[in-house]
Amino acid sequence: MQTIAALFTSILVLFAGCLPIGGRRPAAQYSQNILLSIDYPGAGMGTRAMCAGADVIVMTDGTIRIEMDDLGFTGTRVFDPIQMTQEDYEKLLQIAKPEKIARLKVRDGEACDGNSRYITLYDQNDEAFLRIGGYMPQGRKFNETYRAIQKILDSYGVGEAVQQWRQKLMDAE
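This write-up is about the structure you can find in this document. (Residues numbered from 1 in each chain as written. Predicted model: local features only at pLDDT ≥ 70, side-chain atom pairs only at ≥ 80, totals over all residues. Heavy atoms only, no water.)

1. Some thoughts on the packing of helix α2 (residues 86–95) against helix α4 (residues 140–154)
Heads up, the condition is: Axes here refer to lines fitted to C-alpha atoms; in helices the fit is confined to the stretch in contact. Angles between the N-to-C directions go from 0 to 180 degrees. Working definition: helices are DSSP H or I runs of at least four residues, strands are E runs of at least two. Numbering for both runs from the N terminus. These descriptions rest on fixed angle ranges, namely under 35 degrees for roughly parallel, over 145 for roughly antiparallel, 65 to 115 for roughly perpendicular, and the rest for oblique. Contacts are assigned to residue pairs that have any heavy atoms within 4.5 Å of one another. Each residue is assigned to one of three groups, with Ala, Val, Leu, Ile, Met, Phe, Trp, Tyr, Cys and Pro labelled nonpolar, Asp, Glu, Lys and Arg labelled charged, and all others, Gly among them, labelled polar.
Two elements in contact, α2 and α4, have axes whose closest approach is 10 Å; the angle formed by their N-to-C orientations is 170°. The angle between α2 and α4 falls in the class roughly antiparallel. Residues Asp88, Lys91, Leu92 and Ile95 of α2 lie in contact with α4, whose contacting residues are Thr145, Ala148, Ile149 and Ile152. Of the residues in the contact of α2 with α4, the class split is 5 nonpolar, 1 polar and 2 charged.

2. Notes on the nonpolar core
For clarity, the cut-off: Take the buried residues of types Ala, Val, Leu, Ile, Met, Phe, Trp, Tyr and Cys, join any two whose side-chain atoms come within 4.5 Å, and each joined set is a nonpolar core. Each residue is assigned to one of three classes by its accessible area relative to the maximum for its type, calculated with a 1.4 Å probe on protein chains only: buried under 20%, partly exposed between the two thresholds, exposed over 50%.
The biggest cluster of nonpolar side chains holds 36 residues, and the ones touching the most others in it are Leu36, Ile38, Ile66, Met68, Leu153 and Val158. Taken together, the elements giving at least two residues each to this core come down to β1 (34–40), β2 (54–59), β3 (63–69), α2, β6 (116–122), α4 and α5 (158–172).

3. Considerations on the pairing of β6
Quick reminder of the rule: Two strands qualify as a pair provided that DSSP identifies no fewer than 2 bridges between them.
By the criterion of burial, β6 is predominantly enclosed, with 5 of the 7 residues buried. Bridge count for β1 against β6 is 2 bridges, and the pairing is antiparallel. Note on β6: the bridge partner recorded for Ile38 is Ile119. When β6 meets strand β7 (residues 128–135), the two strands line up antiparallel, connected through 7 bridges. Each residue of the ladder has a partner; that of Ser116, found in β7, is Tyr135. Where β6 folds back on β7, the antiparallel hairpin that results is connected by 5 residues, among which Asp126 adopts a positive phi of roughly 60°.

4. As for α5
In plain terms, the rule: The span expected for a helix works out to 1.5 Å for each residue beyond the first. This arc is taken over the directions from the axis of the helix to the C-beta atoms.
The first and last C-alpha atoms of α5 sit 21 Å apart over 15 residues, in line with the 21 Å expected at 1.5 Å per residue. Those residues of α5 lying buried are Val158, Gly159, Ala161, Val162, Trp165, Arg166 and Leu169. Buried residues of α5 fall within an arc of 160° about the axis and therefore sit on the same side. Turned more than 90 degrees off the buried face of α5, the exposed positions are Glu160 and Asp171. Elements in contact with the buried residues of α5: β1, β2, β3, β4 (76–78), β5 (82–83) and α4.

Set out below in structure tokens:
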């Protein structure tokens, strides 16, 4: 019986040593290539083209990539990359460091019609691992951060490019 108790205690100590301090998850290893992405949502209702959203991906080299449905809604159209200035990238990084984004508090809103907004972070394998936001998201810091990111991206014509492509999608329907 003492042998079983000793074995059990040894196993418990071994596993406890593997747990992060305080029972928290260890800090994420963020992507070295992708800073973040945000969505540019379409209309809450209407035709498929009106509802088409865009994924806007900011790379760590300051490149902005826009991805939307293609004209046939069968694949993805990847827009020509847009290069941010180093100054604007640094400004964006101050607003949206992955560590800050990961700590944002947000909950779904209570409106019955509106848009979803998300900010996505990526892991060391460039895979999306944390998507923060929701339907009509509520959270002052989240909304301030989302709008500040969008404002910088829009200064490079991102919002306009998304609207123009959405119009082409509507014209093709």
